[in-house]
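As a plain string of letters, each chain reads:
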Amino acid sequence: MTSHDRLAAYGHLAAYSEGWINGDVDTVMPALADEYLLDDPHFGRIAKDGMPAYFERLKAAVRELRGGAEESPVMRIGEVITEEADDQLVVWLWWAVPGTALEGAGLIKIGPTGVTSERLAYFTKLAI
């Protein structure tokens, strides 16, 4: 990555993370590359144009888990690890939704034009 691409990628990561933390899709959208794809095991694969509807469904699920309460922040992000590979920034992180048992990991890929993908994993006990 060039230093310009690196700065752009970290800027996209900052905006993307802020939007998730605050549950604000309007902050997330400008950080997304046109080819963006979110892979959420619960909600399925979401393209960039589906993110506003996805955020509404996600926030409704979080409200239900919180017993109807709307709290801020919507999400906490921690244990962030970054690596530059193949002209992109690769980010691993741990996320949690305060006031719920909902937490998991994310694998994010970011190029100079924005976040290209995120793959989510939920941390949960097996149902056996």
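Treat the numbers as computed from the prediction; the structure is a model and nothing was measured.

Chemist: Can you lay out the sheet that holds strand β6 (residues 114-122) for me, pointing to particular residues and giving the numbers?
Modeler: Strand order in the open sheet formed by 6 strands is β2-β1-β6-β5-β4-β3, and the pairing between neighbours is mixed. This sheet does not close on itself; its edge strands, each paired only once, are β2 (44-47) and β3 (76-85). This sheet shows a mean twist of 15° between the axes of neighbouring strands, independent of strand direction. Sheet topology note: the strand β5 (residues 103-111)/β6 ladder contains 8 bridges and is antiparallel. Bridging across to β6, G106 finds its partner in L120. Across the face of the sheet, helix α3 (residues 51-65) comes into contact with β1 (32-40), β2 and β6 while running at roughly 35° to β1.

Chemist: I'd like a description of the pattern of salt bridges, backed by residues and values.
Modeler: Within the structure shown, the criterion is met by 4 salt bridges. The residue D39 makes a salt bridge to R45 at a minimum N-O spacing of 3.6 Å. Residue classification places R45 among the exposed positions, given a relative accessible area of 61%. A salt bridge links R119 to D39; the shortest N-O distance between them is 3.7 Å. Residue R119 is located in strand β6, and its partner D39 is located in strand β1; the two are separated by 80 residues in the primary sequence. Salt bridges sharing common partners tie together D39, R45 and R119.

How each quantity is defined
- Here the residue numbering is sequential within each chain, running from 1 through the sequence in written order.
- Per-residue local features are limited, in this predicted model, to residues with pLDDT of at least 70; the limit for side-chain atom pairs, both in listing and counting, is 80 or more; totals at the level of whole chains, interfaces and linings are taken over all residues.
- The basis for the side-chain values is all heavy atoms of the structure; hydrogens and waters are excluded.
- By definition, two strands form a pair when at least two bridges between them are found by DSSP.
- A run of H or I in DSSP counts as a helix once it spans at least four residues, and a run of E counts as a strand once it spans at least two, with each numbered from the N terminus.
- Angles here are taken between N-to-C directions and fall from 0 to 180 degrees, while the axes themselves are lines fitted to C-alpha atoms, restricted in helices to the stretch in contact.
- Pairs of residues are marked as contacts when any of their non-hydrogen atoms sit within 4.5 Å.
- Here, a salt bridge means any side-chain nitrogen of Lys or Arg that lies within 4 Å of a carboxyl oxygen of Asp or Glu.
- Under the scheme applied here, a residue whose accessible area is under 20% of the maximum for its type counts as buried, over 50% as exposed, and between as partly exposed, the area being computed with a 1.4 Å probe on protein chains only.

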